[in-house]
Amino acid sequence: MPNNPISCHLITWGTDLETGMREASDLGFQACETFTHLALDYEHDVAGFKSKLAERGLRLSALYGGGRFSDPAQEDEVIAYNVRVANFLAAMGVDRMVFGPRGPRAGTTGLAELRQMAKTMNEAARRTAELGVVACVHPHLGTELQDRNELDAVMELTDPEFVHFCPDTAHLAAAGMDPAEVIRTYGSRMRYMHLKDLTPTNPDPAVFASRSGDEQLPIFCELGLGTLDFAPIMAALEEIGYDGWLTVEIDKSTSTPYESLRQCRDFLTSQLGLSLS
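Cut-offs applied
Residues numbered from 1 in each chain as written. Predicted model: local features only at pLDDT ≥ 70, side-chain atom pairs only at ≥ 80, totals over all residues. Heavy atoms only, no water. Axes fitted to C-alpha atoms, helices over the stretch in contact; angles between N-to-C directions. Helix = DSSP H or I, 4+ residues; strand = E, 2+ residues; numbered from the N terminus. Parallel < 35°, antiparallel > 145°, perpendicular 65-115°, else oblique. Left-handed = near helix turned anticlockwise from the far one by under 90°. Contact = heavy atoms within 4.5 Å. Nonpolar A, V, L, I, M, F, W, Y, C, P; charged D, E, K, R; others polar. Pairing = 2+ DSSP bridges. Salt bridge = Lys/Arg side-chain N within 4 Å of Asp/Glu carboxyl O.

Novice: Lay out the packing of helix H5 (residues 111-130) against helix H6 (residues 148-157) with the relevant residues and their values.
Specialist: In helix packing, the relevant descriptors are the interaxial angle and the interaxial distance, both defined with respect to the helix axes. Look at H5 against H6: their axes get within 9 Å of each other, and the N-to-C directions meet at 45°. Classified by the interaxial angle, the pair formed by H5 and H6 is oblique. When you trace H5 past H6, the crossing you get is right-handed. Here H5 contributes Leu 114, Arg 115, Met 117, Ala 118, Met 121 and Asn 122 to the contact with H6, which in turn contributes Glu 150, Ala 153, Val 154 and Leu 157. Residues that form the contact of H5 with H6 fall into these classes: seven nonpolar, one polar and two charged.

Novice: Account for the sheet that holds strand S2 (residues 31-33), with residues named and values stated.
Specialist: Overall, parallel pairing links the five strands, which are arranged S3-S2-S1-S11-S8 in an open sheet. In this open sheet, the two edge strands, each paired with only one partner strand, are strand S3 (59-60) and strand S8 (194-195). Sheet topology places strand S1 (residues 6-9) next to strand S11 (residues 246-248); three bridges connect them, and they run parallel. The partner of Ile 6 across the bridge, within S11, is Leu 246. Contacting S1, S8 and S11, helix H10 (residues 257-270) crosses the sheet at an angle of about 145° to S11.

Novice: Can you tell me about the sheet that holds strand S5 (residues 96-99), naming the residues and giving the values?
Specialist: Pairing is parallel across the open sheet formed by four strands, whose spatial order is S4-S5-S6-S7. Single-partner strands in this sheet number two, and they are strand S4 (63-64) and strand S7 (163-165). Here S4 runs beside S5; their pairing, made up of two bridges, is parallel. Counterpart to Tyr 64 in the pairing with S5 is Val 98.

Novice: Outline the pattern of salt bridges, listing residues and values.
Specialist: As enumerated under the stated definition, the model contains 19 salt bridges in all. Between Arg 126 and Glu 123 there is a salt bridge whose closest N-O contact spans 2.5 Å. One end of the pair is Arg 126 and the other is Glu 123, both in helix H5 and three residues apart, which spans about a single turn. As a salt-bridge pair, Lys 196 and Asp 168 come within 2.5 Å of each other at their nearest N and O atoms. In this pair, Lys 196 sits in the loop between S8 and strand S9 (197-198) while Asp 168 sits in the loop between S7 and helix H7 (169-174), placing the two residues 28 residues apart along the sequence. Taken together, the salt bridges that share partners define one network made up of Glu 123, Arg 126, Arg 127 and Glu 130.

Structure below.
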């Protein structure tokens, strides 16, 4: 049986952090992610946030940082923001963060933009590493970092000592990639992972033209209800020896947040052989 630590993102509860933590805990989860802005409400009360999590038997697995990495005009701002998030995580005793790219996406991202993206990521990741927080790049549908050629370029141009990888099963698949193959290719740089399923639809790319990379995307669904075959994904994780976080993320519930997470929990335990404890 795989022994990866399991977390869940509380995204489907929106800003209702209290209910999200309570219901995730009731379902047996012992770790969570939440919206970064909700966590940063406790930026000056770290002890209070630790206490809130502890009351529910939870710990924080990571937070989602990022920014418009490809824009040189935003370089300093993006670096400063990610260092801010990393400072909070370090105070929380958390050593993982996600580098999320931003949208909207306008065609493909060119080489000059990819070089700028890598430059900003390298510096931001180096600074978060100084705080003991590992930065993990997360390709995201509808953003500046979506397609395989863009991912390959960023991974080639970034420093593997500091810039690591966070695959998201559904985002990779929705962009035309084979998640298992990508995991095998970049497994040595994996330090975090998001698990979600892909609904059996063919979304119009125009639907995502105005998205920033943070919104709920209806093409994603609960684990086991979509089109992804998780057997080869789990086999790839075993092959590369990945023993890090696996975080369930449901961007939009098809029922209620509680029932969606219950469906995911049951799929994790009964179909993937994972344990929440």
